Amino acid sequence: MRSGDVLGALDVSRGYIGKLQDAEMIAFLLDVQSSYLAAAGDYQGALVSMSRAGAVGGRAAPARVYGEEWDAARAAARWEEPEDVLRRAAKKHTVIMISEAHHVPETRALGTRLLPLLRGLGYEYLAMETLHYPVPEEPARVALSTAAGAASGYYFMEPQLAGLTREALRLGFKLVAYEDENTDGRDREKAQADNLYERVLKDKPDAKVVVWAGYAHVYKRESPTFGKAMAQWVWESTGREPFTLYQVADGLDPYFRDEPFYKPLVLDDPRRPRRALVLPASTPGLSRSKGGEPLVDAYLVHPPFVARAPGSLRPSWLVRKGLRRVEGTVPGEGPFLAQAYPAAEGTTSAPADQMATVAGRYELWLPRGPHVVRVRDAKGAVLTEKTVP
């Protein structure tokens, strides 16, 4: 997926969804569409699309009434800063696994924030689900190839994941690809664990490794619905117990399929966190394994989604310190895609930020340094281009 094709891919997916009758296929395409929407900067649309995928795919349940059964969880909830939790984990675990939600770039942005701490704690390898194997040894090639797909993967069309990777390379992390690219998907969890073992854990038994994974791959105990995940396979096959941190964000989902605790402990609790904080998985009411134990070590919980920060076109989590705003307008009806590329990498790299225009306006949030800002039409043609210092 080239970065300029995002709008075209969205148009195609919407066309298929409107024609299909098969619920399973519609749910699958809505899931895929959520990643395209996230890549286009339509973060609210991505959340809604994924929620629809769950409903169409039969995972919806009647809206629940949350009452006294959650009182014990509220009383027991102990929120901590993620940095404090990771510092403790690093004293006991050489493998730390952190999940992301592929359609929620907010989870990737937080990962970028945590990487300097993890590098300072001695972690030197970053294993990423989206990477293709083998990963080029030259860091520049990894960064430059993200949009073209030559040595990267599908999710690099989304700027926050590209930003996480750029930060990892800047800090000196060695990238490891572990995705299962050889089976039909039925043994994916074990295949991913085997790849981690063969490509880093086998020959480097003392290496400190951060594993960046999607969703339930970080379950370290068997889930009643998901089965045995990659983290559990790694633990069993190597004897190295990973510390697992599962990110939970506001899905704008009335059924709260991801984690039911989000409504009573975050949305409905006036004491809810105003920033991303960690909740121990041992808290009463949280999901359990087949054996009744926590599925993971802790949950990294994001505050409720705010589609637009005050005075901005973009969500509150994106409008943050260390980034600067670049704005512009585009004449015509659109749709258009505004993109900013690090000038040092060129326009074949992954964008540092991009968004589908809103009423002919765009607003990009960029790190320091010169960037090339382009506006494309729905067919990927470049309409305007400028360099901002």
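Here we summarise the structure given alongside this text.

**Here we look at unusual backbone geometry**
Then comes step 1: A cis amide bond links Tyr-133 with the next residue in sequence, Pro-134, at an omega value of 0°.
Then comes step 2: Locating Pro-134 in the fold gives a position in the loop between strand E2 (125-128) and helix H7 (139-144).
Then comes step 3: Positive phi outside glycine occurs at Tyr-215, with the angle close to 50°.
Then comes step 4: As for its placement among the helices and strands, Tyr-215 is situated in the loop between strand E4 (209-214) and helix H10 (230-238).
Then comes step 5: Phi is positive for Ala-359, close to 55°, though the residue is something other than glycine.
Then comes step 6: By secondary structure assignment, the location of Ala-359 is in the loop between strand E10 (353-356) and strand E11 (361-366).
Then comes step 7: Ala-359 gets classed as exposed once you look at its relative accessible area, which sits at 79%.

**Remarks on empty space enclosed by the protein**
Then comes step 1: Counted according to the given criterion, the structure contains three cavities of 30 Å³ or more.
Then comes step 2: In this structure, the largest cavity encloses a volume near 50 Å³.
Then comes step 3: Every residue along the wall of the largest cavity is listed here: Glu-100, His-102, Met-128, Glu-129, Thr-130, Tyr-155, Leu-161, Trp-212, Ala-213 and Gly-214.
Then comes step 4: In terms of residue class, the lining of the largest cavity is built from five nonpolar, three polar and two charged.
Then comes step 5: Taken as a whole, the second largest cavity holds about 40 Å³ of empty space.
Then comes step 6: Around the second largest cavity, the lining residues are Tyr-43, Leu-47, His-103, Val-104, Pro-105, Glu-106, Phe-305 and Trp-317.
Then comes step 7: Of all elements in the fold, only helix H3 (43-56) and helix H6 (105-120) reach the threshold of two or more residues within the lining of the second largest cavity.
Then comes step 8: When grouped by side-chain class, the residues that make up the lining of the second largest cavity number six nonpolar, one polar and one charged.

**Some points on the layout of surface pockets**
Then comes step 1: Approximately 1000 Å³ is the volume attributed to the second largest pocket.
Then comes step 2: As for the second largest pocket, its lining consists of 42 residues, and the residues nearest its centre are Ala-109, Thr-112, Gln-160, Arg-320 and Leu-323.
Then comes step 3: Put simply, the parts of the chain that give the lining of the second largest pocket at least two residues each are H6 and helix H8 (159-171).
Then comes step 4: Broken down by element, the lining of the second largest pocket gets its largest block of residues, eight residues, from H8.
Then comes step 5: Taken together, the residues of the lining of the second largest pocket break down into 22 nonpolar, eight polar and 12 charged.

**Some points on the packing of aromatic side chains**
Two aromatic rings, taken as a pair, are described by how far apart their centres are and by the angle between their planes.
Then comes step 1: This model, assessed by the stated rule, comprises five aromatic pairs.
Then comes step 2: Ring centres 6.1 Å apart and planes at 80° place the aromatic pair Tyr-219 and Phe-226 in the edge-to-face group.
Then comes step 3: Here Tyr-246 and Tyr-299 contribute two aromatic rings whose centre-to-centre distance is 5.8 Å and whose plane-to-plane angle is 65°, an arrangement assigned as edge-to-face. One end of the pair, Tyr-246, is in strand E5 (residues 243-248); the other, Tyr-299, is in strand E7 (residues 298-301), and 53 residues separate them in sequence. With respect to class, Tyr-246 is no different from Tyr-299; both count as buried.
Then comes step 4: Ring-pair connections join several aromatic residues into one group, and the members of that group are Tyr-219, Phe-226, Tyr-246, Phe-261 and Tyr-299.
Then comes step 5: Across the ring face of Trp-233, the terminal group of Lys-190 is positioned such that the distance to the ring centre comes to 5.7 Å.
Then comes step 6: The residue whose ring lies beneath Lys-208 is Tyr-123, and the NZ or CZ to ring-centre distance is 4.5 Å.

**Observations concerning the pattern of salt bridges**
Then comes step 1: If you walk through the whole model with that rule in mind, you get 24 salt bridges.
Then comes step 2: The shortest N-O distance in the salt bridge between Arg-271 and Asp-269 comes to 3.2 Å.
Then comes step 3: Among the ionic pairs, Arg-325 bridges to Glu-363, the shortest N-O distance being 3.6 Å. With Arg-325 in strand E8 (residues 324-329) and Glu-363 in strand E11, this residue pair connects regions lying 38 residues apart in the sequence.
Then comes step 4: Assessed through its relative accessible area of 38%, Arg-325 is described here as partly exposed.
Then comes step 5: For Glu-363, a relative accessible area of 1% translates into the label buried.

Each value, and the rule that gives it
Residues numbered from 1 in each chain as written. Predicted model: local features only at pLDDT ≥ 70, side-chain atom pairs only at ≥ 80, totals over all residues. Heavy atoms only, no water. Helix = DSSP H or I, 4+ residues; strand = E, 2+ residues; numbered from the N terminus. Buried < 20%, exposed > 50% of the residue type's maximum accessible area, 1.4 Å probe, protein only. 1 Å grid on protein atoms, 1.4 Å probe; cavity = no way out; pocket = protein on both sides within 12 Å on 5 of 7 lines; lining within 4 Å. Points joined across faces, edges and corners; volume = space filled by probe spheres on them. Nonpolar A, V, L, I, M, F, W, Y, C, P; charged D, E, K, R; others polar. Phe/Tyr/Trp six-rings, centres within 6.5 Å; stacked < 30°, edge-to-face > 60°. Lys NZ or Arg CZ within 6 Å of the ring centre and 35° of its normal. Salt bridge = Lys/Arg side-chain N within 4 Å of Asp/Glu carboxyl O.

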